[in-house]
Each structure stands twice: as C-alpha cells, then as structure tokens.
Amino acid sequence: MLSDQALINIAGIIGESGTCSRLQVGAVLTVDRRIISTGYNGAAAGMRHCLHAETIPYDQDGTNDGKGCKISVHAEANVIAFAARHGVQTFASVLYTTHSPCVTCARLLINAGIEEVIYEHDYRDPEGLYQLKEAGVKVTGPYGPGLSTVSTTRGDGEGVHPGERTHPGFEDTETAGTPDTDR
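Everything quoted here is computed from the prediction, not taken from an experiment. (Residues numbered from 1 in each chain as written. Predicted model: local features only at pLDDT ≥ 70, side-chain atom pairs only at ≥ 80, totals over all residues. Heavy atoms only, no water.)

**A closer look at the sheet that holds strand 2 (residues 34-40)**
Sheets are built from strands paired through backbone hydrogen bonds, the pairs being either parallel or antiparallel.
Reasoning step 1: The mixed open sheet is built from five strands, whose spatial order is 2-1-3-4-5. Edge positions in the sheet fall to strand 2 and strand 5 (138-140), since each of these pairs with one other strand and no more. Across the sheet, the mean angle separating the axes of adjacent strands is 20° when strand polarity is ignored.
Reasoning step 2: Judged from the six bridges that link them, strand 1 (residues 26-31) and strand 2 form a sheet pairing that is antiparallel. Residue pairing across strands places Gly 26 opposite Tyr 40, the latter belonging to strand 2.
Reasoning step 3: Helix 1 (residues 4-15) rests against strand 1, strand 2, strand 3 (94-99) and strand 4 (116-121) of the sheet, and its axis sits at about 140° to strand 1. (Pairing = 2+ DSSP bridges. Helix = DSSP H or I, 4+ residues; strand = E, 2+ residues; numbered from the N terminus. Axes fitted to C-alpha atoms, helices over the stretch in contact; angles between N-to-C directions. Contact = heavy atoms within 4.5 Å.)

And the structure:
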C-alpha cells in the first residue's frame, strides 16, 4: 500500500506532464490507497497549449489577463473526466493533488463523491477549501487541519446563506497562505 507522501509525490510527477506554462498541477485519485485515475492541468485534448509570457501582461488571444488561465483544464477536473470516460467509480475515493482545488474543481469533487482531499500547496484562492469543508469533505494540507467544518444548516433548519458563513482561521484571506504561483 502506498503512503500519503508517496501518493503526493506521484501527483507531483503526474503534474510534470501539465501543459500550462503558468503552473503544473497533478492529481491522483485513489481507493484504498490504490490509484484509480490520474490527471494534470493543460489544454483540452486536441486543443492548442496555453502559453503565458511572463513579460507580456496580456497575450494577443486574451488568455493571460492576470486572472488565471482561460485555456487549461484543471488537474482535478481531468482526473474526474478520465475516470468517467473509463467507467471508474469515484464515490468514496481520496484525491491527492499538488495544489488545493479552486472553487469550481471543489464543486466537481463534491459532486463526484470524493470523501477526502490531500494537498501539498495552497491555491491562491481558499474558497475551494471552504466549500469542500462545508460539504463534509475531509481536507488535509497546509491549512487542512486548521479549517473547521461549517454547518450547512442553521439551528432553525434553514440553509446557511453565503453572507452568514464564517471561515475560522481565515479572517484575513489577503495574507493567509498567499502562494507564489497561479494557474
């Protein structure tokens, strides 16, 4: 059986195949610590790769607007897509990834039935982590143990509205774990 560290290392190796020049991200989906799917970030199959010049703030095709890559499919989405394409069940699986998921990928992971996400580096926006925790997905990483579960219902049985949520330990999201990379 592979250890958590070995699976994170494998995610890193998978990420080296990433075709986005902003950041290479790898993901490994497991059941009982056995790999069932892998994914890395990059352009959709058959599409041109994304290129981001460090010295040019805006690419001619508008793909580098400073808000992240507009061409790349994230590693977490690709790991789920590969599993779906090959009929591999993702329910109750564990995801190992080099970077914490963005909010869109977090939602995909929640709907795919992923029960735990283990990551090595923080993504620039922690909202994905908040959503995973709110949905009851276990999160382990640089901030994983520090996140507290946010109840999805209030005491009166009504759903929690976005303005009512609080994220203990993340009061200052401007300075909390600001990574040096962006995807």
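Structure shown, so let's carry the discussion forward.
**Some thoughts on the pairing of strand 1**
Reasoning step 1: Across the six residues of strand 1, five count as buried, placing the element largely inside the fold.
Reasoning step 2: In textbook terms, the turn of a hairpin is the stretch between consecutive antiparallel strands, and for strand 1 and strand 2 this stretch comprises two residues, one of which, Asp 32, has a positive phi near 50°. (Buried < 20%, exposed > 50% of the residue type's maximum accessible area, 1.4 Å probe, protein only.)

**Structural notes on the packing of helix 3 (residues 103-111) against helix 4 (residues 127-134)**
Reasoning step 1: The contact between helix 3 and helix 4 brings their axes to 7 Å, and the two run at 20°. In terms of axis orientation, helix 3 runs roughly parallel to helix 4. Considering only the axes of helix 3 and helix 4, their crossing is right-handed. When helix 3 is examined against helix 4, the residues Val 103, Ala 106, Arg 107, Leu 109 and Ile 110 are found in contact with a partner set consisting of Glu 127, Gly 128, Gln 131 and Leu 132. (Parallel < 35°, antiparallel > 145°, perpendicular 65-115°, else oblique. Left-handed = near helix turned anticlockwise from the far one by under 90°.)

**A closer look at the confidence of the model for the chain**
Reasoning step 1: Of the residues in the chain, 65% have a pLDDT of 70 or more, and the chain-wide mean is 76.
Reasoning step 2: This model gives residues 143-182 a pLDDT under 50, and the stretch forms 55 contacts once residues within four places in sequence are excluded. (pLDDT = per-residue confidence, 0-100.)

**Examining the pairing of strand 3**
Reasoning step 1: The buried fraction of strand 3 is high, at six of six residues.
Reasoning step 2: The sheet contact formed by strand 1 and strand 3 spans four bridges and is antiparallel. Across the sheet, residue Leu 29 finds its bridge partner in strand 3, namely Leu 95.
Reasoning step 3: For strand 3 and strand 4, the ladder comprises five bridges, and the chain directions are parallel. Looking at the pairing, Thr 97 lines up with Tyr 119 of strand 4.
Reasoning step 4: The parallel pair strand 3 and strand 4 is bridged by helix 3, and the resulting crossover is right-handed. (Right-handed = clockwise from strand over helix to strand, strands pointing away.)

**Describing the state of the cysteines**
A disulfide bridge is the covalent bond that connects two cysteines by way of their sulfur atoms.
Reasoning step 1: Applying the stated rule across the entire model yields zero disulfides.
Reasoning step 2: Residue Cys 102 stays outside any disulfide, its sulfur separated by 3.7 Å from that of Cys 105, the closest cysteine.
Reasoning step 3: Residue classification places Cys 105 among the buried residues on the basis of a relative accessible area of 4%. (Disulfide = S-S within 2.5 Å.)

**A look at the nonpolar core**
Reasoning step 1: In this structure, Val 79, Leu 95, Leu 109, Ile 114, Val 117 and Leu 132 are the most contacted members of the largest nonpolar core, which totals 18 residues.
Reasoning step 2: If you list the elements that add at least two residues to this core, you get strand 1, helix 2 (75-85), helix 3, strand 4 and helix 4.
Reasoning step 3: Here the element with the most residues in this core is helix 2; it accounts for three residues.
Reasoning step 4: When sequence neighbours within four positions are dropped, the list of residues in contact with Leu 109 reads Glu 76, Ile 80, Leu 95, Pro 101, Ile 114, Val 117 and Leu 132.
Reasoning step 5: Membership of the second largest hydrophobic core comes to seven residues, among which are Leu 7, Ile 8, Val 28 and Val 94. (Core = buried A, V, L, I, M, F, W, Y, C linked by side-chain atoms within 4.5 Å.)

**Some words on the side chain of His 99**
Reasoning step 1: Locating His 99 in the fold gives a position in strand 3.
Reasoning step 2: Its relative accessible area of 7% is what places His 99 among the buried residues.
Reasoning step 3: In this structure the side chain of His 99 is engaged in a polar contact, spanning 2.9 Å, whose partner is the side chain of Thr 98. (Polar contact = N/O pair within 3.5 Å; in protein donor to acceptor, adjacent residues only side chain to side chain.)

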